[in-house]
Number of protein chains: 4
Amino acid sequence: MSASSTPLFTGVVPPVATPLLPDGGVDHASLERLVDYLVTSGVHGLFALGSTGETAYFTDDQRVEILRTIVSAGAGRVPVIAGAIDLTSARIAALGRRLVETGADAVVTTAPLYTLNSPGEVDRHFRAIAAGVDAPLWAYDVPVRVHSKLGLGLLMDLATDGVIAGVKDSSGDDVGFRRLVAANQAAGHPLQLLTGHEVVVDAMLLAGADGVVPGFANVEATGYVRLWDAAVRGDWAAARAEQERLNRAFEIVFQPQGLSGDATGVGAFKAAMKARGIIDHATMAFPTQPLDEIAVERIHGILAELDLLPDATRTGAASPGSAS
Amino acid sequence: MSASSTPLFTGVVPPVATPLLPDGGVDHASLERLVDYLVTSGVHGLFALGSTGETAYFTDDQRVEILRTIVSAGAGRVPVIAGAIDLTSARIAALGRRLVETGADAVVTTAPLYTLNSPGEVDRHFRAIAAGVDAPLWAYDVPVRVHSKLGLGLLMDLATDGVIAGVKDSSGDDVGFRRLVAANQAAGHPLQLLTGHEVVVDAMLLAGADGVVPGFANVEATGYVRLWDAAVRGDWAAARAEQERLNRAFEIVFQPQGLSGDATGVGAFKAAMKARGIIDHATMAFPTQPLDEIAVERIHGILAELDLLPDATRTGAASPGSAS
Amino acid sequence: MSASSTPLFTGVVPPVATPLLPDGGVDHASLERLVDYLVTSGVHGLFALGSTGETAYFTDDQRVEILRTIVSAGAGRVPVIAGAIDLTSARIAALGRRLVETGADAVVTTAPLYTLNSPGEVDRHFRAIAAGVDAPLWAYDVPVRVHSKLGLGLLMDLATDGVIAGVKDSSGDDVGFRRLVAANQAAGHPLQLLTGHEVVVDAMLLAGADGVVPGFANVEATGYVRLWDAAVRGDWAAARAEQERLNRAFEIVFQPQGLSGDATGVGAFKAAMKARGIIDHATMAFPTQPLDEIAVERIHGILAELDLLPDATRTGAASPGSAS
Amino acid sequence: MSASSTPLFTGVVPPVATPLLPDGGVDHASLERLVDYLVTSGVHGLFALGSTGETAYFTDDQRVEILRTIVSAGAGRVPVIAGAIDLTSARIAALGRRLVETGADAVVTTAPLYTLNSPGEVDRHFRAIAAGVDAPLWAYDVPVRVHSKLGLGLLMDLATDGVIAGVKDSSGDDVGFRRLVAANQAAGHPLQLLTGHEVVVDAMLLAGADGVVPGFANVEATGYVRLWDAAVRGDWAAARAEQERLNRAFEIVFQPQGLSGDATGVGAFKAAMKARGIIDHATMAFPTQPLDEIAVERIHGILAELDLLPDATRTGAASPGSAS
């Protein structure tokens, strides 16, 4: 349970999307293809059952099923961290155990949902889960969904006591993240710190992040790998240039109009993944509403402009690797 | 599934607290005593597995166990509505079916948690749950926990289509509630509308609420029954006088200092219930932090001043009925 | 400065709208007519320069000009309380002095704007203003605009020290308001407590409010006077019936679509006031956007259904008194 | 009024603090010394009357007086941009004209305060101010104070129409800022974009910011100049190292406990400025509460550790230039 000194999850750790069949069932064939695409593109780990994976919409049995395919398709080539998203400690620990049994190398979860807790209670929450799950535990800080922020003191207490091994930060608080980086460094780097803000990865790596969890990697993973490699060798101009190219592509998520937060981001990714031939259907988890044709057309236009659409898009077969 | 013209849940429908043993297990003996206390006090229904019942902290198996005791202790004397609190539609429907099998007469749930949905998606969410559970469905509007508000249009659409049979309103938006009352009246009263704001029940009944879900009834249920009876006979001065007495007692929830939202309210209720002999232990669900002695002393002081402490408090045996 | 034992502002104290000429200048003739309409309708006081009066959009010179007309048209028949809305203490006190010189019987203001203050700092803020203005000071609690809430302890401290004489509550927190009523009662009623939530006035008067500040009174003042009279004599059924009639009329504020908060409420009032002949133009303060014709038509429709449109509406002259 | 192609405000543009005498009056002697310290340290512009300057607490006459000293002490060595913080358009334009007459080279303001406006209304607000003030206008995006965010579309519309010349971004939304940088670049760089988030300046400069408004420069300005110079020459490792040193010093703002937002940040700066001999008194604007001795001691400790305290601190005379 203690944080290993060897970083398990650094670099590019994409949140794996969950391809669905038109009837809403999991499209395991597409999922296998997606995982293989990610791994062969050079990503350093896989983040299963996260928000981009629409995990909240699935039952625990479905989640286990999804994770099983990801683990099996990954075939041990990269480590897999899996989200255990549920309301409270006992529920999360039970789910976490199932995920570890299914092959997750680490488990990541949030503060309690629905309840009204103090930082001290959130601290006990993470400790109980860590004690109940036989794998490294990560904290997921995503206030837009959890509606509370994991504080610096809380995270460093959990880190120095070996309760958590890392943080996925989707807090949108770059000032807080910078302070966390500094505190973590001062404490001997017990935490791996991944940012979820994929349009500022160059900046966050300069600021000291250990890696990134980019949803857009489901569409094109090679760009983030190049960005990471540039940062590792200290070529910040190259990192920035790659980030700026990725950001032009990321504009696909701003095309859907009038849809929910869950429909726009993941919806745009799935539309683009389908266009690139990575998955077969852009079906969203129920009750998320689908993109209209105008949004899909605009997404195709952005991809085409960046040469991210295979020639085959309009003729049938498509090979994601060829275009990126 | 359609809303019955006969109100199933009107009047005083307390959210049943969940007594726990010192080791955190459910104290079924105390729970039976509590249910019996509530029913013999004249309440009109029981709201099982709500926020006051700390339901979010329990596994589904524990929830079923808790509901089973409530149903069995209620013995059909009043109807039971049960909270199915989980993240999303399929999970909630599966849980709802278990609750109905266990004896719930109706099921109540919220908009999705953790996810980012549009009103249209929330509409589909409730429709899917209603289609998947063989009992009347209620909507629970509690933005402080769910972080979104159920809109007037959404609720009335669901009402007129027979999807939901009632709303428990803990939104704190009395203006919105008044508009809902008016729209519901104009539509032929398809919804039963219960308020969760127990310190303004006289006002909300005057405004047209069909009943109340008062957490403090776990401490003293007879007051709310008297308040309701006064309102029914149009004696608003008596209703107000009873409300004001109850509000003096309700000040117990403001005694804990520096604790979380979940620790203070339910913590104060449990401390008072124990003091009155209704339950044996004031244990809170993990990881909620317990009240300190100062808070408990002050709670005792408020109860004593209002003659709500049995003489026996300091000597051992206590009979809740005798003091109220 | 100390709170008088004789209530200065109880009953119906409408927030006086500011009629404007098409070029944006103050329409003093319409403003005089409006004030006369309100006073002859039986209101008990006038709330000048509040949010409904669009005060934030005017310079201090314009505000003084507006207040001068209100005071002059009121002619001492009812007391006038004036809003001194500015960022911080010294600015507010200077403005407050000008308002008192212009004839305001009391001044009302909020916590500081733009700044980030603690409750202790807000306390000092109100004390400094009270010391700098030679008239009773009221606190205006409107979190939707000020983005902080005036707490119970703060208000009661200011009350018992004679710093503030009353509170206008537009907090939307009926639970907090009920606690304030109780604490104020326990302290000997040092504060007059007016609610700004005009669709629940019956309920708030039952709960112990001393009066109401209803924006809709600019459209039809007699209804709120009848509601108040019914509450005073304890006829809560009549109070509720009047409230429900008023609420049907108040639906005009929900007709504008896609406009800002300031455009919808005041815009609907002004459209209705013009339709009833109380003011000559429905011009809004810059940069507030005007209502479209569809909204105006729907507002007319609601007014017509409730017999609130003069026959003369389509032929020219209109007399507000005749229709209500 | 149109955005000049020559950047007026890039690089390090500190928000000038407002030194006060113990009686609350402006300490012009200290203010002159502060301005001279900043300019001789190599900053590229001065941001007068911003949040760090406590501008909201001053009357317009005081603001003019403060600006006059800043302009006179700056003596044309660097340009001065001045905050015109007030509720709404006409008030801001009038104040802006006074600031330009007093010597401001540009004026910066926010969306309206207190009011409830749509983006279209905020657009008209900025256009009216720009038309009414004879100097370049900047937009200040600070949702923590204004409680609304300036959107990308709004800012770029104002930019391409030549209404605004720059944006000071204190939104804490690094994703939004990155999109603004990209859109501004695509439009030919009509806007100068300054970040107010001083602990991530290296990262924001890498991301494309044109400069920074660092409050801590009031304490030590040379570090930010070094950071800027390193970024300009593309030495990101040096920029990061300087940022990290500055961030260790910036920890002074986290020392005050239990104080308001305004008391902690500016209070910590003033305590440090006094300790370094840059100003004579650490007095805060009324009603902001002062730091206690423990906080001041801890601030001294942090400064001493970073060698930012002059030897003379404990003996009397102090020279800010010598220590940095």
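Sequence order as written defines residue numbering, which begins from 1 separately in each chain. Written order determines the labels here, with chains lettered from A and ligands numbered from 1. The predicted nature of this model means local features are confined to residues of pLDDT at least 70 and side-chain atom pairs, given and counted, to a pLDDT of 80 or more, with totals for whole chains, interfaces and linings taken over all residues. Hydrogens and waters are ignored; side-chain quantities use all the structure's heavy atoms.

Let's talk about the relation of the copies chain B and chain A
When the copies are overlaid, the least-squares fit takes in C-alpha atoms only where the residue has pLDDT of at least 70 in both copies. When chain B is fitted to chain A, the best match, at an RMSD of 0.0 Å, comes from turning it 180° and sliding it 0.0 Å along the axis. Those values place the two copies in the arrangement expected of a two-fold rotation axis.

Some details on the pattern of salt bridges
Criterion for a salt bridge: a side-chain nitrogen of Lys or Arg within 4 Å of a carboxyl oxygen of Asp or Glu. Scanning the model with the defined rule gives 72 salt bridges over all chains in all. Glu251(A) is the salt-bridge partner of Arg179(D), the closest N and O atoms lying 2.9 Å from each other. Of this pair, Arg179(D) sits in helix H7 (residues 174-186) while Glu251(A) sits in the loop between helix H10 (236-250) and helix H11 (261-275), each in a different chain. Any residue under 20% of the maximum accessible area for its type is buried, any over 50% is exposed, and the rest in between are partly exposed; the area is computed with a 1.4 Å probe on protein chains only. Residue classification places Glu251(A) among the partly exposed positions, given a relative accessible area of 25%. The helix count covers DSSP runs of H or I at least four residues long, the strand count covers runs of E at least two residues long, and both are numbered beginning at the N terminus.

Observations regarding the sheet that holds strand S6 (residues 166-169) of chain B
Spatial strand order, S1-S8-S7-S6-S5-S4-S3-S2 (chain B): eight strands in an open sheet with parallel pairing. A single partner strand is all that each edge strand has here, and the edge strands are strand S1 (11-12) and strand S2 (46-48) of chain B. Pairing between strands is defined by DSSP: at least two bridges between the two strands are required.

Some details on the packing of aromatic side chains
Here is the rule: rings of Phe, Tyr and Trp (six-membered ring for Trp) pair when centre to centre is within 6.5 Å. Planes less than 30 degrees apart are stacked, more than 60 are edge-to-face, and the remainder are tilted. One pass over the structure, following the stated rule, counts 20 aromatic pairs over all chains. Measuring from ring centre to ring centre gives 6.0 Å for Phe47(C) and Tyr140(C), while their planes differ by 65°; the resulting arrangement is edge-to-face. Here Phe47(C), found in strand S2 (residues 46-48), pairs with Tyr140(C), found in strand S5 (residues 137-141); they are 93 residues apart in sequence, far enough to count as distant. Both residues of the pair, Phe47(C) and Tyr140(C), count as buried. With centroids separated by 6.2 Å and ring planes inclined at 80°, the aromatic side chains of Phe250(C) and Phe254(C) adopt a geometry described as edge-to-face. Members of the aromatic cluster, joined through ring pairs, are Phe216(A), Phe250(A), Phe254(A) and Phe269(A). Lying across the ring of Phe47(D), Lys168(D) places its NZ or CZ 5.1 Å from the centre. The ring of Phe254(A) carries the charged tip of Arg179(D) above its face, separated from the ring centre by 3.2 Å. Charge over a ring is defined by NZ of Lys or CZ of Arg lying within 6 Å of the ring centre and within 35 degrees of the ring normal.

Some remarks on the pairing of S6(B)
Residue and element names in this part refer to chain B. Burial of the side chains of S6 extends over both faces: Gly 166 and Lys 168 are buried on one face and Val 167 and Asp 169 on the other. Two elements, strand S5 (residues 137-141) and S6, share four bridges in a ladder whose sense is parallel. Along S6, the bridge assignment pairs Trp 138 with Gly 166. The pairing of S6 with strand S7 (residues 192-195) spans four bridges and is parallel.

Things to note about the packing of helix H1 (residues 28-40) of chain C against helix H2 (residues 60-74) of chain C
All names here are of chain C. Whenever a helix is involved, its axis is fitted only over the stretch in contact; in every case the axis is a line through C-alpha atoms, and angles between N-to-C directions fall within 0 to 180 degrees. Contact geometry of H1 with H2 gives a least axis separation of 9 Å together with a crossing angle of 40°. Relative to H2, H1 is oriented oblique. Along this stretch, H1 crosses H2, giving a crossing that reads as right-handed. Seen from H1, the contacting residues are His 28, Leu 31, Glu 32 and Val 35; seen from H2, they are Glu 65, Ile 66, Thr 69, Ile 70, Ala 73 and Gly 74. Residue polarity is assigned by list, with Asp, Glu, Lys and Arg as charged and Ala, Val, Leu, Ile, Met, Phe, Trp, Tyr, Cys and Pro as nonpolar; anything else, Gly included, falls into the polar class. Residue classes in the contact of H1 with H2 are distributed as five nonpolar, three polar and two charged. Convention used here: angles under 35 degrees read as roughly parallel, angles over 145 as roughly antiparallel, angles from 65 to 115 as roughly perpendicular, and any remaining angle as oblique. Handedness of a crossing is defined here by the sense of rotation of the near helix relative to the far one, left-handed for an anticlockwise turn of less than a right angle and right-handed for a clockwise turn. Here a residue-residue contact requires only that any non-hydrogen atoms of the pair lie within 4.5 Å.

Details of the relation of the copies chain D and chain A
Between chain D and chain A, which share one sequence, the superposing operator has a rotation angle of 180° and an axial displacement of 0.0 Å; the RMSD is 0.0 Å. Most of the interface of chain D is mirrored in chain A, where 100% of its interface residues are also at the interface.

Quick word on the interface of chain D and chain A
Across the contact, 20 residues belong to chain D and 20 residues belong to chain A. Considering only the side of chain D, the residues that lose the most area to chain A are Arg178(D), Arg179(D) and Leu206(D), jointly responsible for 33% of the buried surface there. Taken together, chain D and chain A are joined by four salt bridges. Salt-bridge contacts for Asp202(D) lead to Arg178(A); the nearest nitrogen and oxygen are separated by 2.7 Å. In protein, a polar contact means a hydrogen-donor-capable atom and an acceptor-capable atom, both N or O and within 3.5 Å, with residues adjacent in sequence counting only if both atoms are side-chain atoms; elsewhere, any N or O pair within 3.5 Å suffices. Put simply, chain D and chain A have six residue pairs in polar contact (both at pLDDT 80 or more) between them. For the side of chain D that touches chain A, the elements supplying multiple residues, two or more each, are H7, helix H8 (201-207) and helix H10 (236-250) of chain D. Of the residues contributing to the side of chain D that touches chain A, the split by class is nine nonpolar, four polar and seven charged. Buried surface area refers to the total accessible area, computed with a probe of radius 1.4 Å, that the two partners give up upon joining, counted for both partners together.

Focus on the interface of chain B and chain A
With 41 residues of chain B in contact, the opposing surface of chain A contributes 41 residues. Taken together, the two surfaces of chain B and chain A that pack against each other cover about 3500 Å², and 59% of this comes from carbon and sulfur. On the chain B side of the interface with chain A, the three residues burying the most area are Arg91(B), Tyr114(B) and Leu116(B), jointly 24% of the side's total. The residue Arg91(B) makes a salt bridge to Asp60(A) at a minimum N-O spacing of 2.8 Å. Counting across the chain B and chain A interface gives 26 residue pairs in polar contact (both at pLDDT 80 or more). Every element with two or more residues in the side of chain B that touches chain A is listed here: helix H2 (60-74), helix H3 (89-101), helix H4 (119-132), helix H5 (143-146) and helix H11 (261-275) of chain B. Among the elements that take part in the side of chain B that touches chain A, H4(B) stands out by supplying five residues, more than any other. Residue classes in the side of chain B that touches chain A are distributed as 18 nonpolar, 15 polar and eight charged.

Overview of the sheet that holds strand S4 (residues 106-109) of chain A
Taken together, eight strands build an open sheet; the order of strands is S1-S8-S7-S6-S5-S4-S3-S2 (chain A) and the sheet is parallel. The sheet terminates laterally at strand S1 (11-12) and strand S2 (46-48) of chain A, the two strands that pair on one side only.

A word on the arrangement of the chains
For the non-touching pair chain A and chain C, the nearest C-alpha separation works out to 13 Å. If you take every C-alpha in chain B and every C-alpha in chain D, the smallest gap between them is 13 Å, and the two do not touch.

Some remarks on the environment of Thr110(D)
Summarising the element assignment, Thr110(D) is placed in the loop between strand S4 (106-109) and helix H4 (119-132). Counting along the chain gives 67 residues from Thr110(D) to Phe177(D), while the straight-line C-alpha distance between them is 16 Å.

Remarks on the side chain of His197(D)
As for its position among the elements, His197(D) is in the loop between strand S7 (192-195) and H8. Owing to a relative accessible area of 17%, His197(D) belongs among the buried residues under this scheme. Looking at His197(D), its side chain comes within polar contact range of the main-chain nitrogen of Gly172(D), at 2.8 Å. Not counting chain neighbours up to four residues away, the residues in contact with His197(D) comprise Val175(A), Asp169(D), Ser170(D), Ser171(D) and Gly172(D).

What about unusual backbone geometry?
With an omega of 0°, the peptide bond running from Phe286(C) to Pro287(C) counts as cis. By the secondary structure assignment, Pro287(C) is in the loop between helix H11 (261-275) and helix H12 (293-305). One non-glycine residue, Glu54(A), lies in the positive phi region at around 55°. Mapped onto the elements of the fold, Glu54(A) is located in the loop between S2 and helix H2 (60-74). Taking the relative accessible area as the measure of exposure, Glu54(A) reaches 3% and is therefore buried. With a phi angle near 55°, Ala75(D) is a residue other than glycine that sits in the positive phi range. Mapped onto the elements, Ala75(D) comes out in the loop between helix H2 (60-74) and strand S3 (80-83).

Observations regarding H12(C)
Residues separated by three or four positions in an α-helix point in the same direction, a consequence of the helix having 3.6 residues per turn. Residues and elements named next belong to chain C. Counted at 1.5 Å a residue, the expected span for H12 with its 13 residues is 18 Å, and the 18 Å between its end C-alpha atoms agrees. All buried positions along H12 are accounted for by Ala 295, Ile 299, His 300, Ile 302 and Leu 303. Taken around the axis of H12, the buried residues stretch over an arc of 160°, which confines them to a single face. Across from the buried face of H12, at angles greater than 90 degrees, the exposed residues are Glu 293, Ile 294, Glu 297 and Glu 305. In the core, the buried residues of H12 are packed alongside helix H10 (236-250) and H11. The positive-phi residue at the C-terminal boundary of H12 is Asp 307, with phi of around 60°. A helix is expected to reach a length of 1.5 Å times the quantity of its residues less one. This arc is taken over the directions from the axis of the helix to the C-beta atoms.

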